[in-house]
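Tertiary structure, described
So you can see what is in the structure, the chains are spelled out below.
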Amino acid sequence: MEARPGRHSASESLTARLADLTGGISVRLRDAARTGLSRTPDPARPSVDAPVTRVAAARARRRRRRAVLAAVAVTGLVTALAYAVRSPASPPRETAPVAAPTVQAPGDRAPVAPVTGDPVSPGGPLLDVDLAPLPGSLSLTDLGTRDWRHWGGTGADSFHRKAGGSGEIQDPGGERLEHNAGACDLQWTDGTPTARQEGARAGVFQRGAGKSFTLGVTGSGDLRTVRLFVGTFSAGARLDLSLSSGGDPAVREVALAAGDRFYQYVIRFRAAPGERLLIRWQALTVTGGQNDGVALQAITVG
């Protein structure tokens, strides 16, 4: 930003006046000093009043020193005033602008990142299934904190269940055969009609392609974890899961292969009270042997 011309003119005029004043004072002081010196008698010239002359010379020297000191003081004062006049006023210090707090309208709020988590978080109806490893032994008592059921052991129509269980497991029954070929020892300490079992490998099965087991688990509005223990005898099979209230089903398939195979499916579901989780384990194809088909061993609800 350019300075105004009038301000520079006034400064130069004042500076010139101060310089003239300084010069005039200096000239007068020099004249005064010379006058004092001229009045000082020559010490080489003899005089009858020599003492008086020496006093006058001393006074002249003092006046000269005072004149010189005064001239120096005035010159310094004038120089300081001239510098002050010539120096431009210091510009105001600039400060970084501070942004005012923004007021955000309710409809313009910044989007909040969605909270991610387990697919079984609280909410509406839900259905999810995973295939878990099958260890050498499992406790139905520990897994079935709400209810459990085991099939076989004392005949094709026999089963054991949790004493005092919730009764959430439904089994419509049907034609079955008993087997004792399970790959996992199933244990319990709260069963009926047999209270304790250290290691049961019994189960039930059905022969031929197209045969199946169907079960149901009643919902309560809370999250439930169901573990289903099933197998295949030289067959290919499919697990179909759905909720009676509707929604997308969950399907898992096992390819056709010879031999006995057993699986643990971990199902997480949530259904409203009165609604059910529907389970179907069906043989799709078999290799052709007499006892080829699908097997059912146990189920737990926790």
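Reference entry: report on the structure contained in this document. Within any chain, residue numbers begin from 1 and follow the written order of that chain's sequence. It should be noted that, the model being predicted, local features are given only for residues of pLDDT at least 70 and side-chain atom pairs only at 80 or more, the latter also being counted only at that level, while totals for whole chains, interfaces and linings use all residues. Excluded from the side-chain calculations are hydrogens and water; all other atoms, namely the structure's heavy atoms, are used.

1. Some words on the overall build of the protein chain
Helix and strand assignments come from DSSP, with helices taken as H or I runs of at least 4 residues and strands as E runs of at least 2, each series counted from the N terminus. A tally of regular secondary structure across the protein chain gives three helices and 17 strands. For the protein chain, with 302 residues in total, the buried portion stands at 33%. If you take every contact in the protein chain between residues at least 6 apart in sequence, the share linking residues at least 24 apart comes to 77%. Under the convention used here, a 1.4 Å probe and the Shrake-Rupley method define accessible areas, while residue burial counts only the protein chains that appear. A total of about 18500 Å² of accessible surface is found on the protein chain, and carbon and sulfur atoms cover 55% of it. Only protein chains enter the accessibility calculation, which uses a 1.4 Å probe. A residue is then buried if its area is under 20% of the maximum for its type, exposed if over 50%, and partly exposed in between. By definition, residues are in contact when any of their heavy atoms lie within 4.5 Å.

2. A short note on the nonpolar core
Ranked by size, the top nonpolar core spans 30 residues in total, and within it Leu228, Tyr265, Ile267, Leu277, Ile279, Trp281 and Ile299 carry the most contacts. Broken down by secondary-structure element, the contributors of at least two residues to this core are strand S1 (126-132), strand S11 (212-218), strand S12 (223-233), strand S13 (235-243), strand S14 (250-254), strand S15 (260-270), strand S16 (276-286) and strand S17 (293-301). Grouped together as the second largest cluster of nonpolar side chains are nine residues, Leu140, Trp148, Ala200 and Phe229 included. Here, the term nonpolar core denotes a set of buried Ala, Val, Leu, Ile, Met, Phe, Trp, Tyr and Cys residues that are joined through side-chain atoms within 4.5 Å.

3. Examining the pattern of salt bridges
Throughout this description, the term salt bridge denotes a Lys or Arg side-chain nitrogen within 4 Å of a carboxyl oxygen of Asp or Glu. Evaluated as defined, the whole model comprises nine salt bridges. The partner of aspartate 128 in a salt bridge is arginine 268, and the shortest N-O contact between them spans 2.6 Å. Of the two residues, aspartate 128 sits in strand S1 while arginine 268 sits in strand S15, which places them 140 residues apart along the sequence. A salt bridge links glutamate 168 to arginine 224, with the shortest nitrogen-to-oxygen separation between them at 3.8 Å.

4. Description of the environment of glycine 302
Here glycine 302 shows up in the segment after S17. Overall, the relative accessible area of 28% leaves glycine 302 in the partly exposed class. Separated by 78 residues in sequence, glycine 302 and arginine 224 have C-alpha atoms that sit 6.1 Å apart. Once you skip the residues sitting within four places of it in the chain, glycine 302 turns out to touch Leu143, Thr145, Arg146, Arg224 and Thr225.

5. Considerations on the sheet that holds strand S9 (residues 197-200)
Each pair of strands is called paired provided DSSP finds at least two bridges between the two strands. Pairing within the open sheet is mixed, and its three strands lie in the order S2-S7-S9. If you trace the sheet from one side to the other, it starts and ends with strand S2 (137-139) and S9, each paired once. For this sheet the average axis-to-axis angle between neighbouring strands, irrespective of direction, equals 25°. Two strands pair when backbone bridges link them, and strand S7 (residues 185-188) and S9 are joined in this way by two bridges, in the antiparallel orientation. Bridging from a neighbouring strand, tryptophan 188 pairs with glutamine 197 of S9. In this analysis an axis means a line fitted to C-alpha atoms, helices contributing only their contacting stretch, and an angle means the value between N-to-C directions, from 0 to 180 degrees.

6. A short note on the pairing of S17
Within a regular strand, side chains alternate between the sheet's two faces. Most of S17 is tucked away, with nine of its nine residues classed as buried. Bridge count for strand S3 (residues 147-151) against S17 is four bridges, and the pairing is antiparallel. Counted as the bridge partner of tryptophan 148 is threonine 300 from S17. Direction of pairing for strand S10 (residues 203-207) relative to S17: antiparallel, over a ladder of four bridges. Within the sheet, the bridge partner assigned to arginine 207 lies in S17 and is glycine 293. Relative to S17, S12 is paired through eight bridges, and the arrangement is antiparallel. Counted as the bridge partner of phenylalanine 229 is alanine 298 from S17.

7. Structural notes on the environment of proline 172
By the secondary structure assignment, proline 172 is in the loop between strand S5 (169-170) and strand S6 (177-179). Residues proline 172 and threonine 214, spaced 42 residues apart in sequence, show a C-alpha to C-alpha distance of 7.3 Å.

8. Points about empty space enclosed by the protein
Computed over the protein atoms alone on a 1 Å grid, cavities are sets of points where a 1.4 Å probe fits but cannot get out and pockets are open sets with protein on both sides within 12 Å along at least five of seven lines; a residue lines them when it has an atom within 4 Å of a point. Grid points are joined across faces, edges and corners, and a volume is the space filled by probe spheres set on the points. Across all of its chains, the model carries one cavity of 30 Å³ or more by this definition. Every residue along the wall of the largest cavity is listed here: Phe213, Thr214, Leu215, Leu228, Val230, Ile279, Trp281 and Leu296. For the lining of the largest cavity, the secondary-structure elements that each account for two or more residues are S11, S12 and S16. No other element matches S11, which puts three residues into the lining of the largest cavity.

9. Points about the packing of aromatic side chains
Stacked, edge-to-face and tilted labels apply to pairs of Phe, Tyr and Trp rings (six-membered ring for Trp) whose centres lie within 6.5 Å, assigned for plane angles under 30 degrees, over 60, and everything in between, in that order. Per the counting criterion, the structure on display carries six aromatic pairs. Aromatic side chains tryptophan 148 and tryptophan 188 sit 5.1 Å apart centroid to centroid with 35° between the ring planes, which places their arrangement in the tilted category. With a gap of 40 residues between them, tryptophan 148 in strand S3 and tryptophan 188 in strand S7 connect regions that are remote in the sequence. Considered together, tryptophan 148 and tryptophan 188 belong to a single accessibility category, that of buried residues. The structure contains a cluster of three or more aromatic residues connected by ring pairs, namely Phe205, Phe233 and Phe262. Any Lys NZ or Arg CZ found within 6 Å of a ring centre and within 35 degrees of that ring's normal is scored as a charge over the ring. The ring of phenylalanine 159 carries the charged tip of arginine 149 above its face, separated from the ring centre by 4.6 Å.

So, to be careful, I would describe these as geometric facts and stop short of saying anything about function.
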